[in-house]
Amino acid sequence: MGMLVGLFEVGIGWAATQASPEDRFPIIQDLLASNDRVNKDLGLKLCKSWLNTHGGIRMIGAEYQGLRPPIEFWKPKIYGEVFNAWRLVWRHLYSVSRTWVSEQRQEANRLLIEAGFRLIHYSSVSDEIMDTLLELSDDSATDIRSLTHTIIMELRFRTEKMPKGILGRLRKLDKKITGSSFWERFNRYVLNTNWDEDYDYKGNDIKQSNVPPKRISKLASEVAADASLFSKYLPQFVMSDGHRLYEFGLRMSEMLPSSETVDAIIAAQLQAVPAKQTQFIGGFFFGLKQRALEIWEGAIKRLLDDGSSRDIGVDIILRSGVSKNIIQKLIELHAQGLVNVVAFSRLAWQVKEDNIPLEQMEEVLNVLTYSDDNDALKIAIELTDHYFFNKEQPKSCDENLLFRLLTKDKFFDRKFENMIGYHWHVVARGFLDRFPGRDIELFSVIMSHLEDMSSLRSTSYPQQIADEIAKAHPNATWSMISTLLDSDEGVSFYLTSWLGNELEFEEHSQPGAISFFDPQIVMNWVLQDPKKRAWRLIRCLPKTLDEAEGGKLTKLFLEAFGDDEEFSASLISHFWTGGWTGPESAYLSRKRDKARQWLSETRSGKALSWLYRYIASLTEMIKRAELEEERRF
């Protein structure tokens with residue numbers, strides 16, 4: 001498909017074909033005239049390629065055929081041929097698509113608008129393109145929001161490249177879309193505006209514009225002053241969605257904060273179900289809460305009490321905030337199975353402004369921790385991070401409740417969201433600072449879940465916390481680990497993965513957790529049952545003889561087992577494995593250089609004997625790697 005579409009580009013040498021645009025155009029005509037939807041869609045794809053103003057990159061293609069002279073693809077002799085080709089398809093697509101059904105015409109209009117805003121930068125075709133865009137703005141099949149966004153972007157960022165007169169015509173098009181009636185202006189300034197219009201840009205300076213808020217306030221004032229406008233358009237307000245609709249609702253609450261207005265908005269919102277959009281009512285209730293808390297709270301309670309309106313009540317809470325009484329109501333409804341935990345999902349950001357008592361937040365956290373809902377733990381850990389462990393205003397929390405949350409099985413699942421893992425890490429770190437007496441207990445829980453976690457320490461927050469605890473309490477944690485290592489082999493496999501760093505990458509190599517413990521204590525444990533324990537630990541030994549990097553334990557192993565042929569060979573394999581960038585021969589050579597350095601620093605006979613074997617093995621591997629690398633080139 002990509003090759004076919006590429007044949008219909010008309011730039012200078014873009015298409016790998018000798019056929020002129022006039023020879024290719026009949027194919028587009030036939031496809032667009034077809035009653036088959038697949039053919040028509042293909043025709044639109046070819047039109048899009050044809051009207052493209054930027055070609056791709058072609059390194060080599062069908063023009064090169066052995067020793068034959070390269071084929072000359074079609075190229076325009078003058079730029080006018082390209083402009084004529086663009087006009088040909090532009091006019092035809094616009095003309096033929098006017099009789100299509102609305103859905104198909106919408107696709108054609110979208111294509112014409114996207115291509116048109118690129119073509120208006122070429123003065124030879126810009127006036128004709130603008131004429132068509134003005135006509136498309138009257139078509140009911142045109143996506144006016146998308147057209148408005150494109151106009152805003154052109155007026156904001158591309159005015160310097162406009163041909164003469166086009167900037168004025170674009171503004172005229174914007175004015176036409178804006179209209180003069182209330183509903184036309186509401187659509188333009190409330191529903192169809194976007195972030196680009198919210199800011200003023202002058203070079204590298206960006207500041208928030210005060211124009212959009214003034215427009216919103218003016219529209220809200222018109223509705224507040226004219227009861228007929230309010231009653232006429234309220235059904236549209238509650239069914240729409242738009243960039244500044246929330247703000248419009250907020251302004252309305254400043255001007256009409258009465259119980260009668262609240263009842264009318266709720267009635268309209270309930271009438272709009274199932275087309276549930278809560279931007280307007282969310283903004284209105286946010287403002288209402290600040291001005292008339294009792295009215296806000298009473299309305300929310302009525303919505304929550306009625307099963308048919310409960311979902312809307314929850315949506316409004318998520319948009320407008322909470323109060324002590326509303327949180328208590330949500331807790332009661334959740335206990336009855338009438339509200340799910342999503343109702344608490346924004347508490348992490350809402351409670352700071354809403355002055356919720358600490359005890360009630362603990363109650364919410366307790367509800368979430370015991371909930372069976374799949375989202376409960378995500379909400380709970382995020383809430384705990386942002387509220388109880390907020391950097392600026394941390395709050396106290398029950399020790400056992402926090403521990404119960406931190407040790408939930410799901411937090412150790414490698415499939416759990418990474419951002420949730422980050423929140424868990426913040427809370428766990430803070431928990432260790434507040435309650436240092438629970439660190440070994442938390443370490444024990446982490447060790448019991450190693451099988452479920454990622455084997456990469458850098459992506460496993462629980463393993464990082466385990467590292468911190470092991471560093472702080474090496475003797476206590478080693479006692480626990482050594483006991484686990486003597487248990488079944490399945491457990492010891494995951495333990496040694498954490499203790500070591502088999503998957504290390506050369507440039508970011510760090511010693512594994514085994515380096516946190518006293519080498520002599522570890523070695524004494526090994527020698528109590530050397531046949532079993534030495535082989536358990538070989539895959540997590542530090543891959544170095546530098547004592548500053550944990551190499552003392554490796555030296556002790558060589559002193560004890562360096563003359564064992566099988567052990568010695570396994571240790572060689574362990575040392576050279578890992579990740580690297582660049583040629584394998586260069587990686588192995590760096591390994592060998594390091595080994596030669598150790599050779600000059602080592603006095604132990606067993607260690608020297610092993611190093612000679614290791615260097616000889618590396619030398620053979622380097623030779624093989626160099627041969628393979630030469631063959632590739």
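Before reading further, recall that the structure is shown in the block above.
Residues numbered from 1 in each chain as written. Predicted model: local features only at pLDDT ≥ 70, side-chain atom pairs only at ≥ 80, totals over all residues. Heavy atoms only, no water.

### A closer look at the overall build of the protein
Basically, it comes down to this: Helix and strand definitions here come from DSSP, where helices need a minimum of 4 consecutive H or I residues and strands a minimum of 2 consecutive E residues; each element is numbered from the N-terminal end. Here the globule rule is a power law, 2.2 Å times the number of residues to the power 0.38, and the radius of gyration is based on C-alpha atoms. Each residue's exposure class comes from its accessible area (1.4 Å probe, protein chains only) as a fraction of the maximum for that residue type: buried when under 20%, exposed when over 50%, partly exposed otherwise.
Assigned secondary structure in the protein consists of 32 helices and two strands. Taking 2.2 N^0.38 as the reference for a compact globule, 633 residues should give roughly 26 Å; the C-alpha atoms of the protein span a radius of gyration of 35 Å, well beyond that estimate. Seen through its principal axes, the protein has C-alpha atoms that stretch 95 × 85 × 50 Å. Here the protein holds 633 residues, and 48% of them are scored as buried.

### Focus: the pattern of salt bridges
Heads up, the rule is: The salt bridge criterion pairs a side-chain nitrogen of Lys or Arg with a carboxyl oxygen of Asp or Glu, the two atoms within 4 Å.
Under the definition given, this model contains 33 salt bridges. Close ionic contact of Asp563 with Lys606 constitutes a salt bridge, the shortest N to O distance being 3.7 Å. You can see Asp563 sitting in the loop between α29 (551–561) and α30 (565–576) and its partner Lys606 sitting in helix α32 (residues 605–632), a full 43 residues away along the chain. Residue Asp563 is classed as exposed on the basis of its relative accessible area of 54%. The partly exposed category is assigned to Lys606, whose relative accessible area is 30%. In this structure, a network of salt bridges that share partners links the residues Arg37, Asp41, Glu103 and Glu107.

### Describing the pairing of strand β1 (residues 199–202)
Stated formally: Any two strands with at least two DSSP bridges between them are considered paired.
Direction of pairing for β1 relative to strand β2 (residues 205–208): antiparallel, over a ladder of four bridges. Note that in β2 the partner of Tyr201 across the bridge is Ile206. Where β1 hands over to β2, the hairpin turn is made up of two residues, of which Gly203 adopts a positive phi near 65°.

### Description of the packing of aromatic side chains
To be explicit about the condition: Paired rings are identified among Phe, Tyr and Trp, the last through its six-membered ring, by centres lying within 6.5 Å, and are further divided according to the angle between planes into stacked (under 30 degrees), edge-to-face (over 60) and tilted (the rest). Only lysine NZ and arginine CZ atoms are considered, and such an atom sits over a ring when it is within 6 Å of the ring centre and within 35 degrees of the ring normal.
Summed over the entire model, instances satisfying the criterion amount to 34 aromatic pairs. Aromatic pair Phe412 and Trp424: ring centres 5.8 Å apart, planes at 75°, arrangement edge-to-face. One end of the pair, Phe412, is in the loop between α21 (399–406) and α22 (418–434); the other, Trp424, is in helix α22, and 12 residues separate them in sequence. The pair Phe412 / Trp424 is uniform in exposure class, with both members buried. Among the aromatic residues, ring-to-ring pairing joins Phe182, Trp183, Phe186, Tyr233, Phe237, Phe248, Phe280, Phe284 and Phe285 into one connected group. Looking at Arg438, its charged tip hangs above the ring of Phe403, at a distance of 4.3 Å from the centre.

### Overview of the environment of Leu173
The cut-off we apply is this: Only heavy atoms enter the contact rule, under which two residues are in contact if any of them lie within 4.5 Å.
Considering the arrangement of structural elements, one finds Leu173 in helix α8 (residues 166–178). Residue class for Leu173 comes out buried when judged on its relative accessible area of 0%. Residues Leu173 and Met130, 43 residues apart in the sequence, show an inter-C-alpha distance of 8.8 Å. Residues within four places of Leu173 in sequence aside, it is in contact with Met130, Leu133, Leu134, Ser137 and Ile151.

### Here's the deal with the side chain of Thr407
Residue position: Thr407 is located in the loop between α21 and α22. Judged by its relative accessible area of 17%, Thr407 is buried. Those residues within four positions of Thr407 in sequence are excluded, and the remaining contacts are Phe412, Leu442 and Val445.

### What to know about α29
Every buried residue of α29 is accounted for by Gly551, Leu553, Thr554, Leu556, Phe557, Leu558 and Phe561. If you follow the buried residues of α29, they end up packed against α27 (519–527), α28 (530–537), α30 and α32.

### Side note on the nonpolar core
So the rule is basically this: To define a nonpolar core, start from buried Ala, Val, Leu, Ile, Met, Phe, Trp, Tyr and Cys residues and group those joined through side-chain atoms within 4.5 Å.
Judged by nonpolar contacts, the single largest core of 138 residues is most densely connected at Phe248, Phe285, Trp424, Trp498, Leu499, Leu537 and Phe557. Here this core takes nine residues from α32, the largest share from any one element. For Phe248, the residues in contact, after removing those within four places along its chain, are Phe186, Val190, Ile216, Leu219, Ala220, Val223, Phe237 and Phe280.

### Observations concerning a negative patch on the surface
Put simply, the rule reads: A patch consists of residues whose relative accessible area exceeds 30% and which take part in no salt bridge; residues with like charges are grouped when within 9 Å of each other, and nonpolar side chains (Val, Leu, Ile, Met, Phe, Trp, Tyr) when within 5 Å. Per-residue and other accessible areas were derived by the Shrake-Rupley procedure at a 1.4 Å probe size, with only the shown protein chains allowed to occlude residues. Lys and Arg are tallied as positive, Asp and Glu as negative. Neither His nor the chain termini are counted. Note on charges: their place is set at NZ of Lys, CZ of Arg, CG of Asp or CD of Glu.
Together, Asp409, Asp413, Glu451 and Asp452 give the surface a local cluster of negative charge. By the element assignment, Asp413 lies in the loop between α21 and α22.

### Description of the side chain of His423
Mapped onto the fold, His423 is located in helix α22. For His423, the residues in contact, after removing those within four places along its chain, are Ile381, Glu382, Asp385 and His386.

### Some details on the packing of helix α17 (residues 324–335) against helix α19 (residues 358–370)
Quick reminder of the rule: Axis geometry follows a simple rule: fit a line to the C-alpha atoms, using only the stretch in contact for helices, then measure angles between N-to-C directions, giving values from 0 to 180 degrees. To sort the angles, those under 35 degrees are grouped as roughly parallel, those over 145 as roughly antiparallel, those from 65 to 115 as roughly perpendicular, and the leftovers as oblique. Crossing handedness follows the turn of the near helix against the far one: under a right angle anticlockwise gives a left-handed crossing, and clockwise gives a right-handed one.
Closest axis-to-axis distance for the α17/α19 pair is 11 Å, and the angle between their directions is 20°. Comparing their axes, α19 and α17 come out roughly parallel. α19 is crossed by α17, and the crossing has left-handed handedness. In this structure, α17 contributes Lys324, Ile327, Gln328, Ile331 and His334 to the contact, and α19 contributes Gln360, Glu363, Val364 and Val367.

### Examining the environment of Gly550
Within the secondary structure, Gly550 sits in the loop between α28 and α29. Excluding residues within four positions of it along the chain, Gly550 makes contact with Ser515, Pro542 and Thr544.

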